[in-house]
Amino acid sequence: MDKVAAAFAEAIRAKVFSGAQLLYGRGEAIHYQGAFGQVSQDPDSRTINDNSLFDLASLTKPLATAALFMLAEQEGRIDLQSPARDWLPNFQRAEALSLKQLLAHDSGLPAWLPLYEEVRQKNWDYERTRDFYIERIAATPLEAEPGTKRIYSDLGFILLGFVLEKVFSRRLEPLFQERIAGPLGLSQTLFHPLNHIDRIVPQDIAATEICPWRGRLILGEVHDDNAHVLGGAAGHAGLFGSAREVGRFAREILAAAEGRSKIFQAATLDRFLGPKVQPKLGWDTVSPSGSQAGAGFNVDRSVGHLAFTGCSLWIDFSDRKYIVLLSNRVHPRRDNEAIKEFRPKIHDLLLNAS
């Protein structure tokens, strides 16, 4: 495993990121856990440790939003085939986009819109901002007919976050804490980490971007622009966490596949991530070639997700393995894309060395 540590040291010298965590496990056994670098490019900043937190960005989609939809469907609170407008009356458009299509990223909605630019100068409360997002997304032309093309869409998951709040009559942050984080013992996987100094050390949070419109280094607040104006907790982004706890969530997904989960039934997991489900609901899959998962994950039996900030999680049901890589590749600028070459190489190096 010295080769793995050496690869991280070289990546830090090359400024792929200032710091990172890596966790690799099979079943309940952890085979490798490492922390590398510092929380920022400042040479006086703290060293990354196992308790350091990273902005999980789009890992919020599987860890929070899709996981809560699994519980909602399992408990009979929703029908995945029902249209989103059943829960969001002001989401009025000609097409009846279903919850399942939003989860599968085949609703036809575009990937992203800079809606935050229209909100950040306003002094709106959450409800007014939420309604603005719903109405603007409802007015956005589709890029494909629903169900015909997979377009990875933040917009769809922003809507799904709003739906969850209607389904459970709870805001997303306390809902995640009560139904996912609490039962699974994820004490440091949370929204708004700076509001929880009883659980975390603020100086241990990895820095992200020097934001041009916020005018400061982003540290402990969500990097994603749309999530920021939505109050920091949204269906597509907002969670912070450590590799240790993301790994714990991965083990719960593996346990669910075997009927051993504390909260998810095996049948529920099968309806979201089973072999017959294409595309997967709330997760991505391994590309036949050039995958960010590397060459060691089963193409047919693996799921995973990437995050814009430089984080990722991949799970292989065929041999019960998972790899968590958390980094701050957007520090200090988001145009640094060296993580795309580093991630699959470190995955392959780790698996070949084990």
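Going by the structure above, here's the rest.
Values in this document were obtained by computation on a predicted structure and should not be read as measured data.

A.B. asks: Outline the side chain of Glu73, listing residues and values.
C.D. replies: Assignment of secondary structure puts Glu73 in helix H2 (residues 60-74). Engagement of the side chain of Glu73 in a polar contact is seen with the side chain of Arg271, the distance being 2.9 Å. If we skip the residues at most four places from it in the chain, Glu73 touches Ile78, Leu80, Thr268, Arg271 and Phe272.

A.B. asks: I'd love a proper account of the side chain of His105, names of residues and values included.
C.D. replies: The topology assignment puts His105 in the loop between helix H3 (99-104) and helix H4 (116-119). When its relative accessible area of 2% is taken as the criterion, His105 is described as buried. A polar atom in the side chain of His105 sits 3.0 Å from the backbone nitrogen of Ser153. Other than its neighbours up to four places away in sequence, His105 contacts Lys149, Arg150, Ile151, Tyr152, Ser153 and Phe157.

A.B. asks: Give a description of the environment of Thr65 that names residues and reports values.
C.D. replies: Along the chain, Thr65 falls in helix H2. Taking the C-alpha atoms as reference points, Thr65 and Phe191, separated by 126 residues in sequence, lie 13 Å from one another. Thr65 has contacts with Thr60, Phe157, Leu160, Gly161, Leu164 and Gly235, leaving out every residue within four places of it along the chain.

A.B. asks: Explain the packing of aromatic side chains to me, using residue names and the numbers behind them.
C.D. replies: Within this structure, the stated rule accounts for 8 aromatic pairs. Ring geometry for Tyr116 versus Trp213: centroids 5.4 Å apart, planes at 25 degrees, classification stacked. One end of the pair, Tyr116, is in helix H4; the other, Trp213, is in the loop between strand E4 (210-211) and strand E5 (216-217), and 97 residues separate them in sequence. For Trp213, a relative accessible area of 22% puts it in the partly exposed group.

A.B. asks: Kindly report on the sheet that holds strand E7 (residues 284-285), identifying the contributing residues and their values.
C.D. replies: Paired through their backbone hydrogen bonds, the strands of a sheet run either parallel or antiparallel. Read from one edge to the other, the open sheet built from 6 strands follows the order E2-E1-E10-E9-E8-E7, with strand pairing classed as antiparallel. Where the open sheet ends on each side, the last strands, each with one partner, are strand E2 (29-37) and E7. The sheet contact formed by strand E1 (residues 19-26) and E2 spans 8 bridges and is antiparallel. Directly across from Tyr24, in E2, lies its bridge partner Tyr32. Packing against the sheet, helix H1 (residues 2-13) makes contact with E1, E2 and strand E10 (321-327), and its axis sits at approximately 30 degrees to E2.

A.B. asks: I'd like a rundown of helix H11 (residues 339-353), residues and numbers included.
C.D. replies: Side chains that are three or four residues apart share a direction in an α-helix, a result of its 3.6 residues per turn. If you check H11, its first and last C-alpha atoms are 20 Å apart, about what 15 residues at 1.5 Å a residue would give, namely 21 Å. Those residues of H11 that sit buried are Ile339, Phe342, Arg343, Pro344, Ile346, His347, Leu350 and Leu351. In the core, the buried residues of H11 are packed alongside H1, E1, E2, strand E8 (302-306), strand E9 (312-316) and E10.

What counts, and where the lines are drawn
Residues numbered from 1 in each chain as written. Predicted model: local features only at pLDDT ≥ 70, side-chain atom pairs only at ≥ 80, totals over all residues. Heavy atoms only, no water. Helix = DSSP H or I, 4+ residues; strand = E, 2+ residues; numbered from the N terminus. Polar contact = N/O pair within 3.5 Å; in protein donor to acceptor, adjacent residues only side chain to side chain. Contact = heavy atoms within 4.5 Å. Buried < 20%, exposed > 50% of the residue type's maximum accessible area, 1.4 Å probe, protein only. Phe/Tyr/Trp six-rings, centres within 6.5 Å; stacked < 30°, edge-to-face > 60°. Pairing = 2+ DSSP bridges. Axes fitted to C-alpha atoms, helices over the stretch in contact; angles between N-to-C directions. Expected span 1.5 Å × (residues − 1).

The values reported here are purely geometric and, on their own, carry no functional implication.
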